[in-house]
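Overview (structure and organization)
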Amino acid sequence: MAKGISKTTPAKDREELVKELSKPVTKEEKVEELSKPVSQEEREAMKRELLKELMGDRNIREIHFRKTLVADSERFAEMLNARPKVVDTWEVEDGMKSGYVEEVKINGAVAQVPRGVAVLVPDIVAKMFRKYQKAEKDSGLNIPNQSGGVGIRADRDERTREALGL
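Below you will find a few notes about this structure. (Residues numbered from 1 in each chain as written. Predicted model: local features only at pLDDT ≥ 70, side-chain atom pairs only at ≥ 80, totals over all residues. Heavy atoms only, no water.)

Quick word on the pattern of salt bridges
Going by this rule: Salt bridge criterion: a side-chain nitrogen from Lys or Arg within 4 Å of a carboxyl oxygen from Asp or Glu. Residue exposure (1.4 Å probe, protein chains only): buried if accessible area is under 20% of the type maximum, exposed if over 50%, otherwise partly exposed. Each helix is a run of H or I in the DSSP string that is no shorter than four residues. Each strand is a run of E no shorter than two, and both are numbered from the N terminus.
Within this structure, the stated rule accounts for six salt bridges. One salt bridge in this structure joins Arg75 and Asp72, with 3.9 Å as the shortest N-O distance. Judged by relative accessible area, which is 46%, Asp72 ranks as partly exposed. Residue Asp88 pairs with Arg130 through a salt bridge whose shortest N-O separation is 2.6 Å. Of this pair, Asp88 sits in strand β2 (residues 85–89) while Arg130 is found in helix α5 (residues 123–138), placing the two residues 42 residues apart along the sequence. For Arg130, a relative accessible area of 38% corresponds to the partly exposed category.

Digging into helix α4 (residues 73–82)
Rules: This arc is taken over the directions from the axis of the helix to the C-beta atoms. By the convention used here, residues are in contact when the closest approach between their heavy atoms is within 4.5 Å.
Considered for burial, the residues of α4 that qualify are Ser73, Phe76, Ala77 and Leu80. Within α4, the buried residues cover an arc of 100° as seen down the axis, which keeps them to one side. In the core, the buried residues of α4 are packed alongside β2, β3 (101–106), β4 (109–114), β5 (118–122) and α5.

Comments concerning unusual backbone geometry
One non-glycine residue, Asp72, lies in positive phi territory at about 65°. Mapped onto the elements, Asp72 comes out in the loop between β1 (61–62) and α4. The backbone phi angle of Asn107 is positive, close to 50°, even though this residue is not glycine. Looking at where Asn107 falls in the secondary structure, it is placed in the loop between β3 and β4.

With respect to a negative patch on the surface
As a reminder, the rule being used: Within the patch definition used here, like charges are joined within 9 Å and nonpolar side chains (Val, Leu, Ile, Met, Phe, Trp, Tyr) within 5 Å, considering only residues with over 30% relative accessible area and no salt bridge. To be clear on the numbers: accessible area is Shrake-Rupley with a 1.4 Å probe, and residue cover counts the displayed protein chains and nothing else. Note on charges: Lys and Arg go in the positive column, Asp and Glu in the negative column, and His and the chain ends are not counted at all. All charge positions are set by atom: Lys at NZ, Arg at CZ, Asp at CG, Glu at CD.
Together, Asp13, Glu15, Glu16 and Glu20 make up a negatively charged patch on the protein surface. Within the fold, Glu16 resides in helix α1 (residues 11–21). Among the residues examined, Glu16 registers a relative accessible area of 48% and is labelled partly exposed.

Comments concerning the packing of aromatic side chains
Here is the rule we go by: Ring pairs shown here join Phe, Tyr and Trp side chains whose ring centres sit within 6.5 Å, with only the six-membered ring taken for Trp; geometry is labelled stacked below 30 degrees between planes, edge-to-face above 60, and tilted in between.
Tallied over the entire structure, the rule returns two aromatic pairs. Ring centres 4.9 Å apart and planes at 10° place the aromatic pair Trp90 and Phe129 in the stacked group. Of the two residues, Trp90 sits in the loop between β2 and β3 while Phe129 sits in helix α5, which places them 39 residues apart along the sequence. Note on Trp90: relative accessible area 5%, which makes it buried. The buried category is assigned to Phe129, whose relative accessible area is 0%. Seen from their ring centres, Trp90 and Tyr132 are 5.6 Å apart, and the 85° between their planes marks the pair as edge-to-face. Pair noted here: Trp90 is in the loop between β2 and β3 and Tyr132 is in helix α5, with a separation of 42 residues, a long-range link.

Listed below in structure tokens is the structure:
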């Protein structure tokens, strides 16, 4: 039986209820119904549910930025937390263990980001990871160092690479 209709409902009332329930709903009515604001708690619950569905069993943690004592850090933290999120991994460097937590500061807003682990971060932070990694890789490639080679990092010097067996 349709919703609201029981066997004890008089036939006339049943007909009216069937007409009312089977009345076509306009697109505008449906959009208005679905556009009603939801509470922050409901929004967070839906977000967790969607993340669980999208990520499956991958235990991906969302990174949140917090304010610090720096002026306007609260505004930047709110701005970063409101940005669209993407799954990204901040790669580990040589000799660093996966899961090493690095503090990331952007205009005073701060977050703890584990390296080598997939996390959900604001899209602009993911871009920052890529730029940082490229800068680390390319830094000092053409700069002479004290041992007569080039490169700021020791492993970029040919003699050091040979000594280390790299």
